[in-house]
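Results of the structural survey
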Amino acid sequence: AGFIKSPLSQKRLTQDSVELYCEAIGNPIPEIQWWFEGNEPNETYAQLWDGARQDRVKINATYNLHSTSTIYIANLTSDDSGMYECRASNDPDRNHLSKSPKVKWIRSQANVFVIERPDIKAHVTGVSGKLILTCNMTAPYPTIEGHEWMHGDKILQTDTESSSFTSYTIEGKMEEHSGVYECVYKGSPVIKGQVNISVSPQVMAYKKSEHGNEGDTGVLTCKNPSFPPVGSWVWYKNGQEVSAPIINGSGRYIIKSSGNKTELRILKLNIEEDTGDYHCNATNSYGFGGATVNLRVRSRLAALWPFLGIVAEVLVLVTIIFIYEKRRKPDEVLD
C-alpha cells in the first residue's frame, strides 16, 4: 500500500515552497517514485528526480522497514501547478524497459495550485505623535477573510474584514517603535506584506559607569535595540580624535561586535592610562548614533581601606574603654 500524508489539495503563492510526503508498505520494501502532470491539455505524466527544475526539486527517501519519501519544491512558479503523483512498487521488473511488471505501481495523488503573488504596497506615515502603518494589495487576489498585524510572534491587531486595504496605528515616535511589522491577509493561501519602521541607531550603554580593579580585565558594552541592524561599530576614548578609533587587537584592546551589540575588553587595567570616558559609535543605512561609558579603575589596595578603617576604629574604641576602666578603678587602701 502507498499513500500521500500531505493535504491532497494545496494552494501556494509564486516564490513560496511546497512539500509532499509519501509512505509505502510492502514486502520486499517498495521503491517510491514521484511523477508530475501539468494543467496543459496535452501534457502527460513525467518523472521527477532530485535536482530537477534547475535544482528547485529536492527528493529525500528512506527505506527502513517501510518506504518514506519527501519531495520539496522551492521558489514556485505558475508552471509548478498540477497533479503530483507518488508511485510505489516492489516488483523486480518495475523498471524494466520491455517487460511489464506483474505487480502494478500503487499510486497516490496531490493537486498543487500555484497562484500569482499579488503586489502589496506598504507605507508608514507619522502624524502628530502617531505612526500609521498601511498595506494595500493590488488585484487580482484571492478571497480575503480578515487581517492581522504582527510584530515578531506578537499579534497586535486582528479583524474579519474583506478589504484589500488595512492599517494599524502606533502611539509614539519612530525611534521608539522601529522594527519589522507584518500585515497578514487571512485566506487560502495566507498572504503577508512587510512594513519596516527604520531609524538611525539608538545606541544605549549596558551601564553608563563601569568599575574595574587594577590588573583585571575591564568590559564595556553597548547595544542598539532599533532597526535596521548596525552595519559597523567604532570605539574611541575621550580626548582622542574620532578619526583615530581603537583598533581590535591593538595593545590591550579586544573588540567583539555582532549585529546590534558590541563589547570592548581592556586587559590588565591601568589607573593612569585607562580611567576615563569611552564612546561607542554605530552606523547603519539610515545614519549613526552613539553612547558614552565611564570607566573607573581602582587600586588593588582599595578593597583593604575599609577593612583597615574598621580595624583602626576597633583599636581606638578598645583604647578608650581601657583608659576609662583604668581611671574609674578605686585606689588601693594602705594597711
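As the structure is a prediction and not an experimental result, all values here were calculated from the model.

Our next topic: the UniProt feature "domain: Ig-like" (unreviewed entry) in the protein. According to UniProt, the "domain: Ig-like" (unreviewed entry) feature falls on residues 16-104, 118-198 and 201-298. Helix makes up 0% of residues 118-198 and strand 62%, whereas the separation of the span's terminal C-alpha atoms amounts to 24 Å.

This paragraph deals with the sheet that holds strand E13 (residues 154-159). As summarised here, the arrangement of the 4 strands in space is E13-E12-E15-E16, forming an open sheet in which the pairing is antiparallel. Each of the sheet's edge strands pairs with one partner strand only, and the pair in question is E13 and strand E16 (191-197). Strand-to-strand twist across the sheet, computed as the mean angle between neighbouring axes with direction ignored, equals 20 degrees. Where strand E12 (residues 146-151) lies against strand E15 (residues 179-186), 6 bridges are found, and the strand directions are antiparallel. Of the residues in E15, the one forming a bridge with Met150 is Glu182.

The next point concerns the packing of aromatic side chains. Tallying each qualifying case throughout the model produces 2 aromatic pairs. A ring pair is formed by Phe36 and Tyr84, whose centres lie 4.7 Å apart and whose planes are at 45 degrees; its orientation type is tilted. Of this pair, Phe36 sits in strand E4 (residues 31-38) while Tyr84 is found in strand E8 (residues 82-89), placing the two residues 48 residues apart along the sequence. Classification of Tyr84 by relative accessible area gives buried; the value is 1%. Ring centres 6.1 Å apart and planes at 25 degrees place the aromatic pair Trp149 and Tyr168 in the stacked group. With Trp149 in strand E12 and Tyr168 in strand E14 (residues 165-171), this pair connects stretches of sequence that are 19 residues apart.

Following the sequence through the fold, Val230 ends up in the loop between strand E19 (218-223) and strand E20 (232-237). Owing to a relative accessible area of 10%, Val230 belongs among the buried residues under this scheme. The spatial distance from the C-alpha of Val230 to the C-alpha of Gly287 is 9.7 Å, given a sequence separation of 57 residues.

Time to look at unusual backbone geometry. Geometrically, the link from Ala139 to Pro140 is a cis peptide bond, its omega value of 0 degrees lying close to zero. In this fold, Pro140 is placed in the loop between strand E11 (130-137) and E12. The residue Gln15 is not glycine, and still its phi comes out positive at about 80 degrees. With respect to the helices, strands and loops of the structure, Gln15 is situated in the loop between strand E2 (9-13) and strand E3 (18-24). Even without glycine at this site, Arg53 takes up a positive phi of about 50 degrees. Checked against the element boundaries, Arg53 lands in helix H1 (residues 52-55).

About the thresholds
- Residues numbered from 1 in each chain as written.
- Predicted model: local features only at pLDDT ≥ 70, side-chain atom pairs only at ≥ 80, totals over all residues.
- Heavy atoms only, no water.
- UniProt positions renumbered as here; feature names shortened; annotations may be inferred.
- Helix = DSSP H or I, 4+ residues; strand = E, 2+ residues; numbered from the N terminus.
- Pairing = 2+ DSSP bridges.
- Axes fitted to C-alpha atoms, helices over the stretch in contact; angles between N-to-C directions.
- Phe/Tyr/Trp six-rings, centres within 6.5 Å; stacked < 30°, edge-to-face > 60°.
- Buried < 20%, exposed > 50% of the residue type's maximum accessible area, 1.4 Å probe, protein only.

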